[in-house]
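Letter by letter, the chains look like this.
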Amino acid sequence: MASIFKRPTFQDLGGGDLQDEVYAAKFLQATGYVDPRKIGITGGSYGGYMTLMAMGKTPDVWAAGVEEYGIINWFTMLQHEDALLQEYEKSLLGDPEKDRKVYEADSPVTYIHQVKAPLLVLQGDNDPRVPKEEAQQVVDLLKKDGKSVDAHYYANEGHGFEKRENRIDAIQRTVQWFDKYLKANQ
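Reading the values: rules and limits
Residues numbered from 1 in each chain as written. Predicted model: local features only at pLDDT ≥ 70, side-chain atom pairs only at ≥ 80, totals over all residues. Heavy atoms only, no water. Pairing = 2+ DSSP bridges. Helix = DSSP H or I, 4+ residues; strand = E, 2+ residues; numbered from the N terminus. Axes fitted to C-alpha atoms, helices over the stretch in contact; angles between N-to-C directions. Contact = heavy atoms within 4.5 Å. Buried < 20%, exposed > 50% of the residue type's maximum accessible area, 1.4 Å probe, protein only. Right-handed = clockwise from strand over helix to strand, strands pointing away. Parallel < 35°, antiparallel > 145°, perpendicular 65-115°, else oblique. Nonpolar A, V, L, I, M, F, W, Y, C, P; charged D, E, K, R; others polar. Salt bridge = Lys/Arg side-chain N within 4 Å of Asp/Glu carboxyl O. Expected span 1.5 Å × (residues − 1). Arc of directions from axis to C-beta. Core = buried A, V, L, I, M, F, W, Y, C linked by side-chain atoms within 4.5 Å.

Things to note about the sheet that holds strand 4 (residues 149–154)
- The strand order 1-2-3-4 describes an open sheet built from four strands, whose pairing is parallel. In this open sheet, the two strands that pair with only one neighbour each are strand 1 (40–44) and strand 4. Here the strands of the sheet are splayed against their neighbours by 10° on average, with no regard to which way each runs.
- The pairing of strand 1 with strand 2 (residues 64–68) spans five bridges and is parallel. Looking at strand 2, one finds that G44 is bridged to E68.
- Along the sheet, helix 7 (residues 164–182) contacts strand 1, strand 2, strand 3 (119–124) and strand 4; its crossing angle with strand 2, the most-contacted strand, is approximately 160°.

As structure tokens, this is what we get:
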């Protein structure tokens with residue numbers, strides 16, 4: 001008997017959950033207190049992935065972004081992650097061969113060339129969950145397109161920033177990035 005319950009994001013990562021982010025931006029606009037041309041987006045891990053999806057799939061909504069250790073390509077993730085994470089990824093997206101179109105549709109790399117807003121990438125050098133290669137793909141592709149992108153890699157950090165000085169630095173870089181692109185020309 002098939003279950004009537006299904007995870008809402010099964011084979012739809014960056015779909016329905018992205019619409020939640022877009023509706024949040026629309027809500028901010030509707031308040032009348034927020035300039036719709038000055039909305040930024042940020043997140044780490046899955047939030048970093050969603051930042052990349054948002055900036056690529058809905059580029060006109062965001063004025064700037066800060067992405068921390070997020071996935072850009074589910075295929076390259078399969079190549080670099082450990083066996084347990086590979087199985088988890090397959091539970092979300094299906095079989096990489098049979099469900100190739102799902103992997104493509106749910107990978108930010110598919111939409112990265114549509115990014116318009118400046119992006120800051122923050123990444124640990126030794127991330128075992130989302131390897132540095134994921135962040136480097138983002139930076140390389142956006143630079144190749146002539147987009148505004150900057151990156152900072154934290155030595156001896158993994159998935160997230162454990163060292164207090166690095167957490168502080170990441171927050172400061174994020175605030176400075178948003179100040180530069182969201183407060184400019186007020």
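There's more to say after this.
Quick notes on the pairing of strand 3
- Taking burial as the measure, the six residues of strand 3 include six buried ones, the bulk of the element.
- What you see with strand 3 is no split at all: L119, V121 and Q123 on one side and L120, L122 and G124 on the other are buried throughout.
- Taken together, the four bridges between strand 2 and strand 3 define a ladder with parallel strand orientation. Opposite V66, over in strand 3, you have L120 as the bridge partner.
- Pairing of strand 3 with strand 4 involves six bridges; the strand directions are parallel. Its bridge partner being in strand 4, L122 is matched across the sheet by H152.
- What joins strand 3 to strand 4 is helix 6 (residues 132–144), and the crossover it makes is right-handed.

Details of the packing of helix 1 (residues 16–30) against helix 2 (residues 46–57)
- The N-to-C vectors of helix 1 and helix 2 enclose an angle of 75°; their axes lie 10 Å apart at closest approach. Here helix 2 runs roughly perpendicular to helix 1, going by the angle between their axes. On the side of helix 1, the interface is formed by D17, L18 and E21, while helix 2 contributes Y46, M50, M53, A54 and K57.
- Taken together, the residues of the contact of helix 1 with helix 2 sort by class into five nonpolar, no polar and three charged.

Considering the pattern of salt bridges
- The full count for this structure, using the stated rule, is seven salt bridges.
- D125 is paired through a salt bridge with K132; the nearest N and O atoms lie 3.1 Å apart.

Here's the deal with helix 1
- Compared with an ideal rise of 1.5 Å per residue, which puts 15 residues at 21 Å, helix 1 spans 21 Å between its outermost C-alpha atoms and is within 8% of the ideal.
- By the burial criterion, the buried members of helix 1 are D17, L18, V22 and A25. Seen along its axis, helix 1 keeps its buried residues to an arc of 155°; they face one direction. Opposite the buried face of helix 1, by more than 90 degrees, sit the exposed residues D20, Y23, F27 and A30.
- Downstream of helix 1 by one or two residues, G32 has phi in the positive range, about 85°.

Section: the nonpolar core
- Counting residues in each nonpolar core, the largest one holds 36 residues, and the members touching the most others are W62, W74, L119 and V138.
- Of all the secondary structure elements, the ones that give two or more residues to this core are helix 1, helix 2, helix 3 (74–80), helix 4 (83–93), helix 5 (100–105), strand 3 and helix 6.
- With six residues, the single largest contributor to this core is helix 2.
- Sequence-distant contacts of W74, that is, excluding residues within four places in its chain, are made with L13, Y49, E89, L93, Y103, D106 and S107.
- Core analysis: the next-biggest nonpolar cluster, separate from the first, contains 12 residues, A63, A64, L120 and L122 among them.

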